[in-house]
Amino acid sequence: MAAGSESMGMGAMGSMLATTPILRHTPSFAGPLPIPPLYAGNRAADGVREYRLAIAAGQAQLSAGLAPTPTWGYRGAILGPSLRIPRGEPIRILVHNGLDQSTTTHWHGAHVPGDMDGGPQSLIAPGRTWHYHYTIDQPEATLWYHPHPNGRTGPHVYAGLAGLYLVQDGSAERLGLPRHYGIDDVPVIVQDRLLDAHDRLVYMPQVMDVMGMKGNRFLVNGRESPVLEAPAGWLRLRLLNGSNARLYNFALSGDRTFYQIATDAGFLEAPVALQRLLLAPAERAEILVDLRHLDGKRLWLRSDSAAVVPSLSTMPMDSDAYDRSVFDLLEIRVGPARAPGGRLPEHLATLANLPEIQRERHFSLQGMMGGMGGGGMAGMAALRKAAAKAPRNGPGGMSMGIGNLPLFTINHLAMDMRRIDFSTTLGSTELWEVVNRAHMAHTFHVHGVSFRIQSRDGREPPPWERGWKDVVLIRRGESVRLAMTFTQPASKAFPFMYHCHMLEHEDNGMMGQFTVVRS
Ligand code: C2O
Ligand code: CU
């Protein structure tokens, strides 16, 4: 029952893990999948499309039979509406902070200038409203938004703050994709959470493994074990791994084939038939599932992680029961067909080639026990000490106690808001090589741009990674090469971030800052 058996012989860290038993939950699937409301904003007096996002504390029922859990949300108790953002139209977003502490709201994947990006510098004090205004000009994609306060992104997202940001340019209509939001075009935000005996969120260094905060309850759109009633036809699922630290190797029951049509930041050139799809934290994928002849049938979206763990990490702690098992996330009950249904197009998009590379940069990721002087056990002890002192000021008294310790580094440097790591030129194209020198998997995310993966360990990336991306998984020892063109400016006052999107790594140093300036 406890994870203790897996951590025997691990010394201090083993006994830390053993302090919290990992309960196994296999609740039966019941209750509808919550669908975050689609929100297209309203015309303001000056004619500009305006979105209002009020952040506030609330209570959400995460599973049948549980007490309400104190959470944070945008325009509701948990998560936030799916923003429908038309490409090419000026918009305004007003974010009001109704919490008792400062936070930020970052538009993950959006091509916006640094001062509109909602990074750590854009803190919204309690009771204040931050005005964003910009025009999105990038391909149709499933982006998302979430807080980004320095050192507290992990707990703020974990508390419930996240939502989808759907850039729309008419592609779905042109391609004939399923497009009835919440019916055959369905958001699937997957997150894991740990609850205490009173069904309050638990967020503590003492129960984290080297990847960060993981839980044993799997929420889809904020609800455990929900059911999606879908018409017999093509079903479009917009998958977001919204977890702090956990990877999911998505699969369908019966090893049913599905078709990936989009990566993080846009459509692939053509659908890719898959039976497994690994998504690291913050990665998105859109998939089409063929339910055309399945009226009356049930199937399950699940994670089948067993096979992927060894390639990710050599750390035994990074192997809880769920990392090594198959578990169901969502039940799909197929009902009668509904007209008009969507289709699976043969061709999706033509992806432009990137301009010529003007400059290369090199990044290496170092983790705890991964060659960092002074890290390892000593760092862990410091982390625990800081955590013990941190205020318990999340929803329902949830701890914010991860501290802000340089346990994870990029090019041997931990995040420092006063340091700009480098500057790039507006309009230039660069190749970034990122090498993971740690013993565990990391991810790499860059603000203000989408990138294309040129290679993984010198080889062409697999077909399902050949689209526009903004987060990439980098296995231990692996190196990736990413090409990107900088189209958005970012000043010293509001620089762009690059970081690991495993949120406890990000909060503990694995982040840097750069500016984009006119030549
Ligand atoms: Cu999704 Cu810098 O973040
Ligand atoms: Cu990481």
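Residues numbered from 1 in each chain as written. Chains lettered and ligands numbered in written order. Predicted model: local features only at pLDDT ≥ 70, side-chain atom pairs only at ≥ 80, totals over all residues.

**A few points about the environment of Ser28**
Now for step 1: Structurally, Ser28 can be placed in the loop between helix 2 (11–18) and strand 1 (38–39).
Now for step 2: Look at Ser28 and you get exposed, because 8 C-beta atoms sit within 10 Å.
Now for step 3: Along the backbone, Ser28 and Phe451 are 423 residues apart, and their C-alpha atoms lie at a distance of 40 Å. (Helix = DSSP H or I, 4+ residues; strand = E, 2+ residues; numbered from the N terminus. Buried ≥ 20, exposed ≤ 12 C-beta atoms within 10 Å, placed from the backbone.)

**Quick look at the pairing of strand 12 (residues 217–220)**
Now for step 1: Bridging between strand 11 (residues 185–193) and strand 12 involves four bridges; their strand directions are antiparallel. Bridging across to strand 12, Asp192 finds its partner in Phe218.
Now for step 2: In terms of strand pairing, strand 12 meets strand 13 (residues 223–224) through two bridges, oriented antiparallel. Counterpart to Leu219 in the pairing with strand 13 is Glu224.
Now for step 3: Remark: two residues form the turn of the hairpin made by strand 12 and strand 13, two consecutive strands paired antiparallel; Asn221 in that turn has positive phi of roughly 55°. (Pairing = 2+ DSSP bridges.)

**Points about the sheet that holds strand 23 (residues 359–366)**
Now for step 1: Spatial ordering of the open sheet is given by 24-23-26-30-28, a layout of five strands whose pairing is mixed. For this open sheet the edge positions go to strand 24 (409–410) and strand 28 (451–456), each flanked by a neighbour on one side alone.
Now for step 2: Direction of pairing for strand 26 (residues 429–436) relative to strand 30 (residues 479–485): antiparallel, over a ladder of seven bridges. The partner of Val434 across the bridge, within strand 30, is Val480.

**Examining the pairing of strand 20 (residues 284–290)**
Now for step 1: Across the seven residues that make up strand 20, a large majority, six, are buried.
Now for step 2: Examined bridge by bridge, strand 15 (residues 234–241) and strand 20 share seven bridges and lie antiparallel to one another. Paired with Leu239 across the strands is Ala285, a residue of strand 20.
Now for step 3: Where strand 17 (residues 258–263) lies against strand 20, three bridges are found, and the strand directions are antiparallel. Following the sheet pairing, Gln260 is matched in strand 20 by Ile287.

**Here we look at the confidence of the model for the protein**
Now for step 1: Mean pLDDT over the protein stands at 89; residues scoring 70 or higher make up 87%.
Now for step 2: Contacts from residues 1–24, a stretch scored under 50 in pLDDT, to residues over four places away or in other chains number 36 contacts.
Now for step 3: Low confidence marks residues 370–379, where pLDDT is under 50. Its contacts with residues over four positions away, or in another chain, come to 17 contacts.
Now for step 4: With pTM at 0.91, the complex prediction returns an ipTM value of 0.99. (pLDDT = per-residue confidence, 0-100. Contact = placed C-beta atoms within 7 Å.)

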